[in-house]
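The chain contents come next:
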Amino acid sequence: MIELLPGLPDPIVGLRASGQVTAQDYESVVIPAIESKLQAHGAVRVLYQLGPAFSGFSAGAMWDDAKLGFTHLKAWEKIAFVTDSDGMRGAIGLFRFAIPCPLKVFSNAQFAEAVEWITA
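**Q** Where do I start with the overall build of the chain in this structure?
**A** For the chain, the helix and strand inventory stands at four helices and five strands. When the helices and strands of the chain are read in sequence order from the N terminus, they spell out β-β-α-β-α-β-α-β-α. Relative to a compact globule of 120 residues, whose C-alpha radius of gyration would be 14 Å, the chain shows 13 Å and is just as compact. Taken over the C-alpha atoms alone, the chain extends approximately 35 × 30 × 30 Å along its principal axes. Here the contacts in the chain between residues at least 6 apart in sequence split such that 71% fall between residues at least 24 apart. As presented, the chain carries roughly 6300 Å² of accessible surface, and 60% of it is formed by carbon and sulfur atoms. Here the chain holds 9 positive side-chain charges and 12 negative ones, and the gap between their average locations is 7 Å.

**Q** Please explain the sheet that holds strand β5 (residues 103-106) as it appears in this structure.
**A** Pairing between the strands of a sheet is mediated by backbone hydrogen bonds and can be parallel or antiparallel. The five strands are arranged β1-β2-β3-β4-β5 in an open sheet whose pairing can be described as mixed. At either margin of the open sheet sits one strand with a lone partner, and together these are β1 (2-4) and β5. Going from strand to strand, the sheet's axes swing by 20° on average, the running direction of each strand aside. With nine bridges joining them, strand β2 (residues 12-21) and strand β3 (residues 44-57) adopt parallel strand pairing. Residue pairing for β3: Gly 19 is matched across the bridge by Phe 54.

**Q** Could you clarify how one ought to interpret the confidence of the model for the chain in this entry?
**A** In low-pLDDT segments, the atomic positions of the prediction should not be examined closely. Chain-level statistics for the chain give a pLDDT mean of 94 and a share of 100% at 70 or above. Confidence scores differ between elements of the chain, with helix α3 (residues 86-95) showing the lowest mean pLDDT of 88 and helix α4 (residues 111-119) the highest of 98.

**Q** Is there a simple way to think about the side chain of Thr 83 in this case?
**A** With respect to the helices, strands and loops of the structure, Thr 83 is situated in the loop between β4 (76-82) and α3. Residue Thr 83 is classed as buried on the basis of its relative accessible area of 1%. For Thr 83, the side chain forms a polar contact with the main-chain nitrogen of Ser 85, separated by 3.0 Å. Those residues in contact with Thr 83, other than ones at most four positions away along the chain, are Leu 50, Met 88, Arg 89, Val 105, Phe 106, Ser 107 and Asn 108.

**Q** When you look at the nonpolar core in this model, what are you seeing that I'm missing?
**A** General note: in soluble globular proteins, nonpolar side chains tend to be found buried as a group. Counting residues in hydrophobic clusters, the biggest one holds 26 residues, and the most contacted among them are Ile 2, Val 21, Ile 34 and Tyr 48. With six residues, helix α1 (residues 23-41) is the largest single contributor of residues to this core. Excluding anything up to four places from it in sequence, Ile 34 contacts Val 13, Val 44, Val 46, Leu 68 and Trp 76.

**Q** Would you explain α4 in this entry?
**A** Spacing of three or four residues puts side chains on the same side of an α-helix, whose turn is 3.6 residues. Of the positions making up α4, those classed as buried are Ala 114, Trp 117 and Ile 118. Axial view of α4: buried residues confined to an arc of 95°, hence all on one face. Residues Ala 112 and Glu 116 are exposed on α4 and point more than 90 degrees away from its buried face. Looking at the buried residues of α4, the elements they touch are β2, β3, β4 and β5.

The rules we used
- Residues numbered from 1 in each chain as written.
- Predicted model: local features only at pLDDT ≥ 70, side-chain atom pairs only at ≥ 80, totals over all residues.
- Heavy atoms only, no water.
- Helix = DSSP H or I, 4+ residues; strand = E, 2+ residues; numbered from the N terminus.
- Rg over C-alpha atoms; globule rule 2.2 N^0.38 Å.
- Contact = heavy atoms within 4.5 Å.
- Areas by Shrake-Rupley, 256 points an atom, 1.4 Å probe, with all protein chains shown as cover.
- Lys, Arg positive; Asp, Glu negative; His and termini not counted.
- Charge placed at Lys NZ, Arg CZ, Asp CG, Glu CD.
- Pairing = 2+ DSSP bridges.
- Axes fitted to C-alpha atoms, helices over the stretch in contact; angles between N-to-C directions.
- pLDDT = per-residue confidence, 0-100.
- Buried < 20%, exposed > 50% of the residue type's maximum accessible area, 1.4 Å probe, protein only.
- Polar contact = N/O pair within 3.5 Å; in protein donor to acceptor, adjacent residues only side chain to side chain.
- Core = buried A, V, L, I, M, F, W, Y, C linked by side-chain atoms within 4.5 Å.
- Arc of directions from axis to C-beta.

Given below as structure tokens:
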């Protein structure tokens, strides 16, 4: 499941994942939120938190994430990724070369720092 994080200034989209993230989550929450910010601002910053209850991404969610990223390759201003998962940190490191914007990884304990970095 993905929920939007309230209270972040434009053009930031805040997302918190918990449990299993599915393609339906991307299609009903993530994609509309990103598309709305892009339409209004032409670019977007993303704060993506994988909370303690996060259990993984379905194959469909991973596909939708990749499509979204590559469809709007030049629209990303900054990405703050918040996770305590060593596996996710490793995956981010592995695919970092394909992300054409500043990206910083934070632990869940550093959530406030992530918010400060993404809004600066």
